[in-house]
Amino acid sequence: MQNTRFEEILSDIQTMDIPEEGKQAFISSLLRLKEETVNLMITGATGCGKSSTINALFGEEVAKVGQSPSPETMNITKYELPNLTIWDTPGLGDGVNMDQQHARNIVKKLNERDAKGNLLIDLVLVILDGSSRDLGTSYELINKVIIPNLGQNKQNRILVAINQADMAMKGRYWNKEENKPEPQLEAFLEEKVENVRQRIKEGTGVDITPIYYSAGFKEFGEDQKPYNLSKLLSFLVKYTPTEKRLAYITNRNEDVIVWKSNDDKGNYDEDTINSIWETLKETAVDVAKAAIVKYGPKILKKGLKWITKLF
Ligand SMILES: Nc1nc2c(ncn2[C@@H]2O[C@H](COP(=O)(O)OP(=O)(O)OP(=O)(O)O)[C@@H](O)[C@H]2O)c(=O)[nH]1
Ligand SMILES: [Mg+2]
């Protein structure tokens, strides 16, 4: 599949100031990673912001954003980006009959296997609507449909993210100028995160760490940028199998402004870079490992510089 950013990276390596042998080894490691595809399921109730989140993360117009009350995503929609396949999947909350169908679709997809016999879906991102007081159907979705069908290693295959953080208190305490929550809203969101964590723990015994963010929106001439999107990305990368992580970076939204507003509880870009660096170290083919041993610091430094350049 076409992946121009991948090609750019490869040609960058050609210009690195290291011996030819090292370059070739680096390139063959990367070519192997190029064969890997992440399969990411994004699910959640109608209007929670699945399409908006996909567009914020990977660039506008990847997924159509619905502004009408009728659900845009009636069934599973597949978006194929280079090395990254997104399964945009309706969650529950569309009435008994529709919900049964949605649940069946999700269970089937979660049990699907790839050509190698591994579970197809690497990671499920469940989006909750932070502006909604009643998250009952979302708990139903997570506790009864998704978690029981995650197979082993459940903890690492689900990420729960509360979207529309700006609207959690009906728009109050959202600082529009700085595009971030005021302390009152922040405290409210922290509490929400803790409630969600507890409800899932009680229902399934699985202890996960939900996060909150805002995908932003463009409506009525207003253009609100995302909040905590870098944080969301760093969690997505961390929860994805090492050999598949690079795809998030090569497909990342090029509009740098969407990555700017984040809480100050961590350095999320650095976390992402470290996760990717882990990928390169762990998945380097033998000859690259040998080259790293032989040319050590030089390759490591160049490699890091190259990854950092992507941010
Ligand atoms: N204020 C605010 N609005 C948002 C946010 N994220 C999404 N929206 C709005 O919420 C509405 C629904 O968003 P979508 O992205 O279409 O939601 P969806 O989950 O894809 O919806 P369906 O495909 O119909 O299930 C749109 O009007 C978005 O602009 C956010 O972080 N803040
Ligand atoms: Mg949608």
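One can find the structure itself at the top, above this paragraph.
Residue positions within a chain follow its written sequence, with the count starting from 1. Here the convention is simple: chains get letters from A, ligands get numbers from 1, in the order in which they are written. Where totals are concerned, whole chains, interfaces and linings use all residues; where local detail is concerned, this predicted model gives features only for residues with pLDDT of at least 70, and gives and counts side-chain atom pairs only at 80 or more. Here the side-chain values reflect all heavy atoms present in the structure, with hydrogen atoms and water set aside.

1. Remarks on helix α7 (residues 229-239)
Here is step 1: A simple rule labels every residue: compare its accessible area, found with a 1.4 Å probe on the protein chains alone, to the largest value its type can have, and call it buried under 20%, exposed over 50%, or partly exposed in between. A run of H or I in DSSP counts as a helix once it spans at least four residues, and a run of E counts as a strand once it spans at least two, with each numbered from the N terminus. Counting buried residues in α7 gives 10 out of 11 residues, a clear majority hidden from the surface.
Here is step 2: Among all positions in α7, only Leu229, Ser230, Lys231, Leu232, Leu233, Ser234, Phe235, Leu236, Val237 and Tyr239 are buried.

2. Quick word on the side chain of Lys244
Here is step 1: Positionally, Lys244 belongs in the loop between α7 and α8 (246-250).
Here is step 2: Side-chain polar atoms of Lys244 contact the backbone oxygen of Thr37, separated by 3.5 Å.
Here is step 3: Here a residue-residue contact requires only that any non-hydrogen atoms of the pair lie within 4.5 Å. Apart from residues no more than four positions distant in its own chain, Lys244 is found in contact with Glu36, Thr37, Val38 and Asp122. Here a polar contact is recorded for every N or O atom pair within 3.5 Å, except that within protein the pair must consist of a potential hydrogen donor and a potential acceptor, and residues adjacent in sequence are included only if both atoms are side-chain atoms.

3. Description of the pattern of salt bridges
Where charged atoms from two side chains of opposite charge come close, those side chains can pair.
Here is step 1: Each reported salt bridge corresponds to a side-chain nitrogen of Lys or Arg within 4 Å of a carboxyl oxygen of Asp or Glu. Under the defined criterion, the tally for this structure stands at 14 salt bridges.
Here is step 2: Its salt-bridge partner being Lys78, residue Glu80 comes within 4.0 Å of it at the nearest N-O pair.
Here is step 3: Owing to a relative accessible area of 44%, Lys78 belongs among the partly exposed residues under this scheme.
Here is step 4: Measuring nitrogen to oxygen at the nearest pair gives 2.9 Å for the salt bridge that ties Glu222 to Lys176. One end of the pair, Glu222, is in strand β10 (residues 222-224); the other, Lys176, is in the loop between β6 (174-175) and β7 (180-181), with 46 residues separating them in the sequence.

4. Some details on the nonpolar core
Here is step 1: With 47 residues, the main nonpolar core has Leu30, Leu125, Leu232, Leu236 and Tyr248 as its most contacted residues.
Here is step 2: Per-element accounting of this core gives the leading share, 7 residues, to α7.
Here is step 3: Each of domain 1 (1-35 + 272-311) and domain 2 (42-266) accounts for three or more of the residues forming this core.
Here is step 4: Put simply, a nonpolar core is a bunch of buried Ala, Val, Leu, Ile, Met, Phe, Trp, Tyr and Cys residues held in one set by side-chain atoms that sit within 4.5 Å of each other. Counting residues in each nonpolar core, the second largest holds 35 residues, with Leu110, Val145, Ile147 and Val206 among its members. An automatic or database domain assignment is the source of the domain bounds shown.

5. Digging into the side chain of Asn39
Here is step 1: Along the chain, Asn39 turns up in strand β1 (residues 38-44).
Here is step 2: In this structure Asn39 comes out as buried when scored by relative accessible area, which is 8%.
Here is step 3: One polar contact links Asn39 to Trp87, side chain to side chain, over a distance of 2.9 Å.
Here is step 4: If we ignore the near neighbours within four places in the chain, the residues touching Asn39 are Thr85, Trp87, Leu120, Ile121, Asp122 and Leu123.

6. Looking at the packing of aromatic side chains
Here is step 1: Working definition: a ring pair exists when centres of Phe, Tyr or Trp rings (six-membered ring for Trp) sit within 6.5 Å. Plane angles under 30 degrees give stacked, over 60 give edge-to-face, the rest tilted. One pass over the full model with this rule turns up 2 aromatic pairs.
Here is step 2: Seen from their ring centres, Phe235 and Tyr239 are 6.2 Å apart, and the 25° between their planes marks the pair as stacked. Taken as a pair, Phe235 and Tyr239 lie in helix α7 at a separation of 4 residues, close to a single helical turn. In this structure, Phe235 and Tyr239 share a single accessibility class: buried.

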